[in-house]
Amino acid sequence: TKATLAVNEAQGWYYGPEATTNRNTFITVTFYVTNLGDRQVTIGDVEVIAAYSGNTPCVYRGYSGAKVNPGETVSIAMKLNLAGSCQGATILRQTVIRVSYSDADWRTNAVEAPIVLSRA
């Protein structure tokens, strides 16, 4: 069984008046996923490391549940909520999105891709 996922064209938006985590309890993201494998995969957690408070990453997280068949490309748009308390950190413009997925045998994996965050 081969389960490989590609993430492309990831973009994210925050809506608050300032680019800080305390003014933005959530962000929205859009991205495409392509299943390069030979079995259906289920998209799980989606995370964006949006800022750092000292050395601690400030993560926005959500769960997708989207099913992607072999050879299929799916567009995903979703809301991610700030996980934990990370107050007042400045949101990064360029960062990383991590998309976890599981295959038909419930084996999990994750792929990371660049993402740009901007004010909506």
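Each remark here, short or long, concerns the structure printed above.
Report on the accompanying structure. (Residues numbered from 1 in each chain as written. Predicted model: local features only at pLDDT ≥ 70, side-chain atom pairs only at ≥ 80, totals over all residues. Heavy atoms only, no water.)

### Some remarks on unusual backbone geometry
Residues apart from glycine generally show negative phi values, whereas peptide bonds are mostly found in trans.
Argument step 1. Here the phi dihedral of Glu9 falls at roughly 55 degrees; this positive angle occurs in a residue that is not glycine.
Argument step 2. Relative to the assigned elements, Glu9 resides in strand β1 (residues 5-14).
Argument step 3. Looking at Glu9, the relative accessible area reads 58%, which means it is exposed.
Argument step 4. Although it is not a glycine, Trp106 adopts a positive phi angle of roughly 65 degrees.
Argument step 5. Within the element layout of this structure, Trp106 appears in the loop between β7 (94-102) and β8 (108-119).
Argument step 6. Overall, the relative accessible area of 63% leaves Trp106 in the exposed class. (Helix = DSSP H or I, 4+ residues; strand = E, 2+ residues; numbered from the N terminus. Buried < 20%, exposed > 50% of the residue type's maximum accessible area, 1.4 Å probe, protein only.)

### Focus: the nonpolar core
Argument step 1. With 28 residues, the main nonpolar core has Phe31, Val33, Ile43, Val48 and Ile97 as its most contacted residues.
Argument step 2. Those elements that place two or more of their residues in this core are β1, β2 (26-35), β3 (41-53), β6 (73-83), β7 and β8.
Argument step 3. Ignoring any residue separated from it by four or fewer positions in sequence, one finds Phe31 in contact with Val7, Asn8, Glu9, Ala10, Val46, Val74, Ser75, Ile76, Met78, Ile97 and Val99. (Core = buried A, V, L, I, M, F, W, Y, C linked by side-chain atoms within 4.5 Å. Contact = heavy atoms within 4.5 Å.)

### Section: the environment of Ala113
Argument step 1. In this fold, Ala113 is placed in strand β8.
Argument step 2. Measuring from C-alpha to C-alpha, the distance between Ala113 and Thr95 comes to 8.6 Å, with 18 residues separating the pair along the chain.
Argument step 3. Residue contacts for Ala113: discarding those within four places in its chain leaves Val7, Thr95, Val96 and Ile97.

### As for the pattern of salt bridges
Argument step 1. For the coordinates displayed, the defined rule picks out 7 salt bridges.
Argument step 2. Between Asp105 and Arg107 there is a salt bridge whose closest N-O contact spans 3.4 Å.
Argument step 3. You can call Asp105 partly exposed: its relative accessible area is 41%.
Argument step 4. One salt-bridge network, in which partners are shared between bridges, spans Arg39, Asp103, Asp105 and Arg107. (Salt bridge = Lys/Arg side-chain N within 4 Å of Asp/Glu carboxyl O.)

### Here's the deal with the environment of Arg107
Argument step 1. When you line up the elements, Arg107 lands in the loop between β7 and β8.
Argument step 2. The spacing of Arg107 and Thr42 is 65 residues in sequence and 10 Å in space, taken between C-alpha atoms.
Argument step 3. Only 2.9 Å separates the side chain of Arg107 from the side chain of Asp103, close enough to count as a polar contact. (Polar contact = N/O pair within 3.5 Å; in protein donor to acceptor, adjacent residues only side chain to side chain.)

### Section: the pairing of β8
Argument step 1. Sheet topology note: the β1/β8 ladder contains 4 bridges and is parallel. Residue Gly12 lies in a different strand from β8, and its bridge partner there is Leu117.
Argument step 2. Where β7 lies against β8, 9 bridges are found, and the strand directions are antiparallel. If you follow Val96 over to β8, its bridge partner there is Pro114.
Argument step 3. Count of turn residues in the β7/β8 antiparallel hairpin: 5 residues, of which Trp106 carries a positive phi of about 65 degrees. (Pairing = 2+ DSSP bridges.)

### Thoughts on the state of the cysteines
Argument step 1. Scanning the entire structure with this criterion turns up 1 disulfide.
Argument step 2. In this model, Cys58 is linked to Cys86 through a disulfide, with the two sulfur atoms separated by 1.6 Å. With Cys58 in strand β4 (residues 56-63) and Cys86 in the loop between β6 and β7, the pair connects residues that are 28 residues apart, well separated along the chain. Here Cys58 and Cys86 have matching classes, each one buried. (Disulfide = S-S within 2.5 Å.)

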